[in-house]
Amino acid sequence: MRSKPTGVIFFPAFDWAISPTHPEREERLLYTRDQIFEEGLLDLPEIEEYPPKLATIHDIARVHFCVPRVQSQVTEAHMIAAGAALSLGDSIIKGEIKNGFAMVRPPGHHAMRVVHGNRGFCNINNEAVLVEYLRRRYGIKRVAIVDSDVHHGDGTQEIFYHDPNVLFISFHQDGRTIYPGSGFTHELGGPGAYARTLNIPLPPGMTDRTFHYVVDNLVLPVIRDFQPDFIINSAGQDNHYTDPLGSMRFTAHGYAEFTRKLNPHMAVLEGGYAIETALPYVNMSILMALAGINFSNVREADLDTAGFRESDDRFAQVQKMVEELLAIWERRDRVDIEKIFGTGKFYQRKKFIYYDTDYIEEEQFEKVRVCGSCPGYLVIESRANRGFGEPARVLAISIPIDACQNCQTEAYACYEQGMVDRKQYNFIMLQDKSTDTCLSCDREKKQEWKSEGPKPGV
Amino acid sequence: MYIGLDVGGTYTDAVLLEKGQVRAWAKVPTRQDLLTSLLEAFDKIMAGAHADLIERVVLSTTVITNLIAEKKYDPVGLILIPGPGLDHSHYRYDTETCILGGAIDYRGREIVPLDSGEIDGALARMTSLNYKKVAVVGKFSSRNNKHEQEVFKRIRQSGLDWQVELGHRVAGQLNFPRRVMSTLLTCATREKYQFFADSVLAALDKRGIRCPVYILKADGGTMPLHKSLDSPVETIFSGPAASILGVQALIPPGETAVVVDIGGTTSDLALILSGQPLLSSKGANIDGKMTHVRALAVKSVPVGGDSVVEQVGKEIILLSERMGPPYCMGGPMPTPTDALKVLGLTRLGDLGRAKEAMRMLGRPLGMQTWEVAARIMLLVTGAITSEINKMFMSWEQEPAYRVWEVLQKRKDRPNTVVGVGGAASGFLTQIAATLNCYPVIPPYARVANAVGAAVARPTLQVSLRADTEQGTYSIQEEGFQGPIEDRPFNEEKALELARYWLGKRAEKYGLKDDLGEVEVIRKEVFNMVRDWVTRGKLIDVAVQTRRGILHYIGSGVERDEK
Ligand SMILES: [Zn+2]
Ligand SMILES: [Zn+2]
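Rules behind the numbers
- Residues numbered from 1 in each chain as written.
- Chains lettered and ligands numbered in written order.
- Predicted model: local features only at pLDDT ≥ 70, side-chain atom pairs only at ≥ 80, totals over all residues.
- Heavy atoms only, no water.
- Helix = DSSP H or I, 4+ residues; strand = E, 2+ residues; numbered from the N terminus.
- Rg over C-alpha atoms; globule rule 2.2 N^0.38 Å.
- Buried < 20%, exposed > 50% of the residue type's maximum accessible area, 1.4 Å probe, protein only.
- Contact = heavy atoms within 4.5 Å.
- Areas by Shrake-Rupley, 256 points an atom, 1.4 Å probe, with all protein chains shown as cover.
- Lys, Arg positive; Asp, Glu negative; His and termini not counted.
- Charge placed at Lys NZ, Arg CZ, Asp CG, Glu CD.
- Donors = N, O, S within 2.8 Å, 3.2 Å for Na, K, Ca; no water.
- Tetrahedral: all angles 85-135°; square planar, octahedral: opposite > 155°, others 65-115°.
- Salt bridge = Lys/Arg side-chain N within 4 Å of Asp/Glu carboxyl O.
- Buried area = accessible area lost by both parts, 1.4 Å probe.
- Polar contact = N/O pair within 3.5 Å; in protein donor to acceptor, adjacent residues only side chain to side chain.

Draft legend 1. Spotlight on the overall build of chain B. On a plain count of helices and strands, chain B comes out with 14 helices and 27 strands. Its C-alpha atoms give chain B a radius of gyration of 26 Å, within 12% of the compact-globule value 24 Å for 562 residues. Dimensions of chain B, computed from C-alpha atoms along their principal axes, come out at roughly 75 × 55 × 55 Å. The 562 residues of chain B split such that 56% are buried. Sequence separation of at least 24 residues holds for 63% of the intrachain contacts in chain B that already meet a minimum separation of 6. Total accessible area on chain B stands at roughly 23,300 Å², and carbon and sulfur atoms take up 50% of it. Taking the average place of the 68 positive charges on the side chains of chain B and the average place of its 65 negative ones, the gap between the two points comes to 2 Å.

Take a look at the structure:
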């Protein structure tokens, strides 16, 4: 096992930016490139560099309801970033590499299931695209995603909120002090996936000590319990003490040590905007940790941890939170789900989603079928206001990969019904993960599209 | 008239070209006394030609490669300044290595200054161990050479007359370990190389040849012989580069071809894509270590005409070693050459013995001699063609860091397989058939390397990097760094400045008239944005004289690309 190399796809997208001065711009991975190239890391036998390839439209449609179509929401850069994760996934499953690092941009962990535009610098959720691809193509069952970005991975959480086979753990700066304002301890997953979502909001200013307290006492024990077939790290680096957007004080060494302990199959770069002071060092040390290379000599230029004092009160607060979450995790299969989520055929919630980059306000009404034999299908009614023109109204239905016959039938009936009273919607979409089929209908154009993934084994 | 000269380990080849035609050629053994071999080769090709008519001489050689392979060079001490990053245990070489504290970052900012006591300690250690040659290399020294300069100054102040090589002068590209190797080898080979160059000049002088003399570099370009003393490692692998250029000159322009050079124990493979030899994406690998030497992509496969063939169990297998000449030529073991003989594909050797070799292999398996020969043929061609396919794949699979690079799918397949070298002809038809190509053995294939040397053109490159926020720029190939004077600086000015440096470099190398058309090979501009405000630009441009060759041979057309 140890003799296999670590695969890396480095795709800095030197010709792509959200806008010239946006944090998500050409320059972002420039110094990371300089550092990694000068170190000669890619020449080491422990590391193998792979070229990026493009994800397909269908790979995206399997996860996202893009409005109006996938092509209108993604640029080639998105297809390449997502494709990099898929490509490394292939190499891991084939056994060519022991693990991989998709050091790519643009990032994706704020992208939710329905995509009306860009939120939090993200359009397409690279990790979610990877998970659905691995499940479909290789029959991978259980996946754990650990999000170490300073921002709550709300997109990933939302996509897998009702999925009992995907464990999502995010630790991040407290949502009351930072974008996107979510990720609190009470967000624990839907009725069919209770406690498969765990959030650890951290008070600003915490250091590696807190970081590793959470990792050692919550993240690792929960993962050990969950026994995933595949572990993904959403490797955001904005918890770094020099990040301009976050207020945490983690170091490159802290990130490397975390990577070593988690030992994920794949790390996917998310945020991190201290492009000179953090990214070259954090990216390098994550790569080295994955490859099993000694990273003790990696050090930020201005590192002086002596000045990092964290409040004992806040640390105690985190300890308490970790204890509570661990208790919730341990009781997850014994709790009275009906008591928490109510009774009825459907569990439903209303959501309000704001797209900060594109100034879109979306209202969502989400229903999940509560089913004894499968995770249940999802019905989403979404209405997005762009501040001009008619709002876009969408009916989106998602059938999980392990859906029961009954749920599948009901879900298709729901799609048919949507087509009957289509006046209500501009777009009607369905993704059937059990057959890898995506349908989408545009009312104005009076057109229906269907796409099917490659047959397994092809 | 042009002379091309290839000094190999076994043979020295020479050709005399006149107006794109080979006028004479010679192949003589390379002797201990280099001068004698050179004179012998000259006399053979110069018969009836006057020395005054020779316009230029170009050499290629494996002398340096062999020196390195046989480790026949003086020890070189290393003083390294790696700073933070990989653990220093990675920097272990089989020579004394002193590691100094001190660090420069990716933008050339000094993070940790050098400690003069530590420098003195390193110098004392090298002195006590009697080192006379020392390479000094720092991480990110191409972004700021201050530390390397400080160590150099200290060496001279201490009155040490060592031969010192500084990393930033040898290799300006990113990649510290490769820079260390390049600098180490430069330091190691300079003196021996001087001896080689002197022998060549003496031979020419003895025959009254006083035209400019050039040497071929691994990337297929030439440089004046006297200037090559600055960077002898650039001439490593000029042997394979010469054959590839030779093939380029001997096939029609614009062709995509595979060059197959089958020798006794190894076969060298190279690609010519749409008429242009493929450069290796990484630097040349010398003695198992990566360097910064720009080289044509050459893949060596451990299969050749003299490789040992064995029967193991129910299989016939090809081994990578050589135990002597082929069986049909009195050797101890069956070889692919014996198979060729049985199949009627070579004139060499004794047919009776070749058949006997096949029988030895085939008897335990109940196979006929021709069946065995055909099996061996398949093994050899299979090993070679699968490597050729891998070369195309890895060329298509090279990393891409920009969206347009990923979208612009590279796909090219050869239509011709060109054979050079001793054993190529016998296997060529089969190799070409497997790849669905035409087999070509060009005229003068036996001296393709000397032809390649004769037609090679000078190449010069200049890479400029400017950091407008810091107000500095550097020229990678010159190890120069200085302030930007013409402000505000931009991309156009950067290109203009790079062209100016290229001209200056051409002048220094006595190539002013050969400069010709200048190509821009890299142009990167990054805005440095801090707190939503553009603070400056990082501009990275590279220009070079056009690559190519002077003549296509045999077409009768002189292609002067100036
Ligand atoms: Zn973030
Ligand atoms: Zn069901």
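Draft legend 2. Quick peek at the coordination of the zinc ion (ligand 2). Residues and elements named next belong to chain A. In the first shell of the zinc ion (ligand 2), the protein supplies Cys371 (SG), Cys374 (SG), Cys404 (SG) and Cys407 (SG), at 2.3 Å from the metal. Around the zinc ion (ligand 2) sit 4 donor atoms, and with donor-metal-donor angles ranging over 100 to 119° the site reads as tetrahedral. Donor residues binding the zinc ion (ligand 2) come from one chain and are separated in sequence as C-x2-C-x29-C-x2-C. The same class applies to Cys404 as to Cys407, namely buried.

Draft legend 3. Inspection of the coordination of the zinc ion (ligand 1) at higher detail. All names here are of chain A. Around the zinc ion (ligand 1), the protein contributes the donor atoms Asp149 (OD), Asp149 (OD), His151 (ND1) and Asp238 (OD), which lie 1.9 to 2.8 Å from the metal centre. Binding-site remark: the zinc ion (ligand 1) is held by donors from one chain whose sequence spacing is D-x1-H-x86-D. Remark: Asp238 occurs in the loop between strand 9 (230-235) and helix 8 (252-262) and His151 occurs in the loop between strand 6 (143-147) and helix 6 (154-159); sequence separation between them is 87 residues. Comparing His151 with Asp238, the two get one shared label, buried.

Draft legend 4. Main features of the pattern of salt bridges. For the structure on display, the rule yields 65 salt bridges over all chains. For B:Lys523, the salt bridge goes to B:Glu491, with nearest N and O atoms at 3.6 Å. Here B:Lys523, found in strand 26 (residues 518-530), pairs with B:Glu491, found in helix 14 (residues 491-508); they are 32 residues apart in sequence, far enough to count as distant. Here the residues in one salt-bridge network are A:Arg25, A:Glu27, A:Glu276, B:Asp105, B:Arg107, B:Arg109, B:Asp467, B:Glu469 and B:Arg530, joined through shared partners.

Draft legend 5. Spotlight on the interface of chain A and chain B. Chain A puts 48 residues into the contact, and the matching count from chain B is 47 residues. Together, the buried faces of chain A and chain B total about 3,700 Å²; carbon and sulfur atoms form 58% of this surface. Across the contact surface, chain A and chain B share 9 salt bridges. On the surface where chain A and chain B come into contact, there are 28 residue pairs in polar contact (both at pLDDT 80 or more). Broken down by secondary-structure element, the contributors of at least two residues to the side of chain A that touches chain B are strand 1 (6-11), helix 1 (30-39), helix 4 (76-93) and helix 9 (279-290) of chain A.

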